[in-house]
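What follows is the residue order along each chain.
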Amino acid sequence: MGIFDGLRGGRAAEFDSGSPGSNAIELTKRHHTVSLTKQGAASGHLRINLSWRMRTSDFGGSQRESLLRHPFRALKPPEVMGHSQSMVNVDLDLGCLYELTDGTKGVVQPLGGFLGAVNEPPYVKLSGDDRFGSASGETMYINLDHRDALKRLLVFVYIYDQTPAFDRTHAIVTLFPSNGPRIEIGLDERHPQARSCAVVLIENVKNEIVVRREVKFVYGFQAELDRLYGWGLQWGRGYKSKVER
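For the structure given in this document, a descriptive report is provided here. All values reported here derive from a predicted model rather than from experimental measurement.

Rules used throughout
Residues numbered from 1 in each chain as written. Predicted model: local features only at pLDDT ≥ 70, side-chain atom pairs only at ≥ 80, totals over all residues. Heavy atoms only, no water. Phe/Tyr/Trp six-rings, centres within 6.5 Å; stacked < 30°, edge-to-face > 60°. Buried < 20%, exposed > 50% of the residue type's maximum accessible area, 1.4 Å probe, protein only. Lys NZ or Arg CZ within 6 Å of the ring centre and 35° of its normal. Pairing = 2+ DSSP bridges. Helix = DSSP H or I, 4+ residues; strand = E, 2+ residues; numbered from the N terminus. Axes fitted to C-alpha atoms, helices over the stretch in contact; angles between N-to-C directions. Arc of directions from axis to C-beta. Contact = heavy atoms within 4.5 Å. Salt bridge = Lys/Arg side-chain N within 4 Å of Asp/Glu carboxyl O. Core = buried A, V, L, I, M, F, W, Y, C linked by side-chain atoms within 4.5 Å.

**A look at the packing of aromatic side chains**
Throughout the structure, instances matching the rule amount to one aromatic pair. Considering the side-chain rings of F156 and Y158, the 5.9 Å spacing of their centres and the 35 degrees angle between planes classify their relative orientation as tilted. There is no split in this pair, since F156 and Y158 are both buried. Across the ring face of F176, the terminal group of R47 is positioned such that the distance to the ring centre comes to 3.9 Å.

**What to know about the sheet that holds strand β2 (residues 33-35)**
Read across the open sheet, the six strands follow the order β2-β13-β12-β9-β4-β5; overall the sheet is antiparallel. Each end of this open sheet is capped by a strand with a single partner; those strands are β2 and β5 (105-108). Across this sheet, the average inter-strand angle for adjacent strands is 20 degrees, counted without regard to direction. As defined by bridge partners, strand β12 (residues 196-205) adjoins strand β13 (residues 208-218) across nine bridges and the pair is classed as antiparallel. Counterpart to C197 in the pairing with β13 is F217.

**Topic: the pairing of strand β10 (residues 169-176)**
Counting buried residues along β10, six of its eight residues qualify, which places the element largely inside the surrounding structure. Where β10 lies against strand β11 (residues 183-187), five bridges are found, and the strand directions are antiparallel. Paired with V173 across the strands is I185, a residue of β11. The turn joining β10 and β11, which pair antiparallel and follow one another in sequence, is formed by six residues; a positive phi near 90 degrees is taken by G180.

**Regarding helix α3 (residues 222-229)**
Note: α-helices contain 3.6 residues per turn, so residues at a spacing of three or four share the same orientation. Listing the buried residues of α3 in full gives Q222, L225, D226 and Y229. Buried residues in α3, looked at end-on, bunch into an arc of 105 degrees, giving them a common side. Along its buried surface, α3 packs onto β4 (92-100), β9 (150-159), β12 and β13. At the exit of α3 stands G230, carrying a positive phi of roughly 65 degrees.

**Considerations on the pattern of salt bridges**
According to the stated counting rule, one finds six salt bridges in the structure shown. Among the ionic pairs, R182 bridges to E184, the shortest N-O distance being 3.0 Å. Members of the salt-bridge network, linked through shared partners, are E203, R212, E214 and K216.

**A few points about the nonpolar core**
Ranked by size, the top nonpolar core spans 42 residues in total, and within it I48, L187 and I202 carry the most contacts. Among residues more than four places away in sequence, those in contact with I202 are L46, I48, I142, K151, R152, L153, V155, L175, I209, V210 and V211. Counting 13 residues, the second-largest nonpolar core is a separate cluster that includes V107, Y160, L225 and Y229.

**Side note on unusual backbone geometry**
The peptide bond linking P121 to P122 adopts the cis configuration, its omega dihedral lying at 10 degrees. Positive phi is not limited to glycine here, since K206 has a value of about 55 degrees. The exposure class assigned to K206 is exposed, which follows from its relative accessible area of 82%. Backbone geometry at V215 places phi at a positive 45 degrees, although glycine is not the residue there. Position of V215 among the secondary structure elements: in strand β13.

In short, the description is geometric, and any link to function would need to be established separately.
Below you can see the structure in the form of structure tokens.
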């Protein structure tokens, strides 16, 4: 059994990496790549976190109108107002398409319970499924000590059925390498009908681990991301089991 198998609750803190106080690298359209190898972070566990909240402007009209009607709302941070709503209305999921150097391909995602493994193939592990937008969000771990076995990893985010679209959420995917600053990718582009987004591609290029911002929104689900990046997997319709809050 791997050290992440059966990961529960507070145990995740044991495997945090990177320094929250360090400067962050923001990947943008203009500056879209960073080498983990060159910054000495191509080993250990790469932690990837997805967090989100609802856009405040989507509730009760514009912010200006809201403050005119309720002036004391100015004393309440917008993140708090948005977050309280997001716990009810949004269900974003973090996933990863993987291809290993031996040709093995697959997916790690909450849907279907494909949570992966960190000390054995595919060396990618999802800690769980956050359905309510909690402060910790969703977290994935990649074991870069096995980087020689990794060919490419496509980290993506998709909206589970019957939830608002990306244009109503403010989502951030953050990578915490074992060394150096964290890497942030914001999903702020307005795509009202999009259901999935390819966020970042992690590739082993001639023994160099390169992280590249993608942020490509598509109107379908994982199968459409598969076609876009040529993974060649077979997909079927999946559902989540009901849970109580």
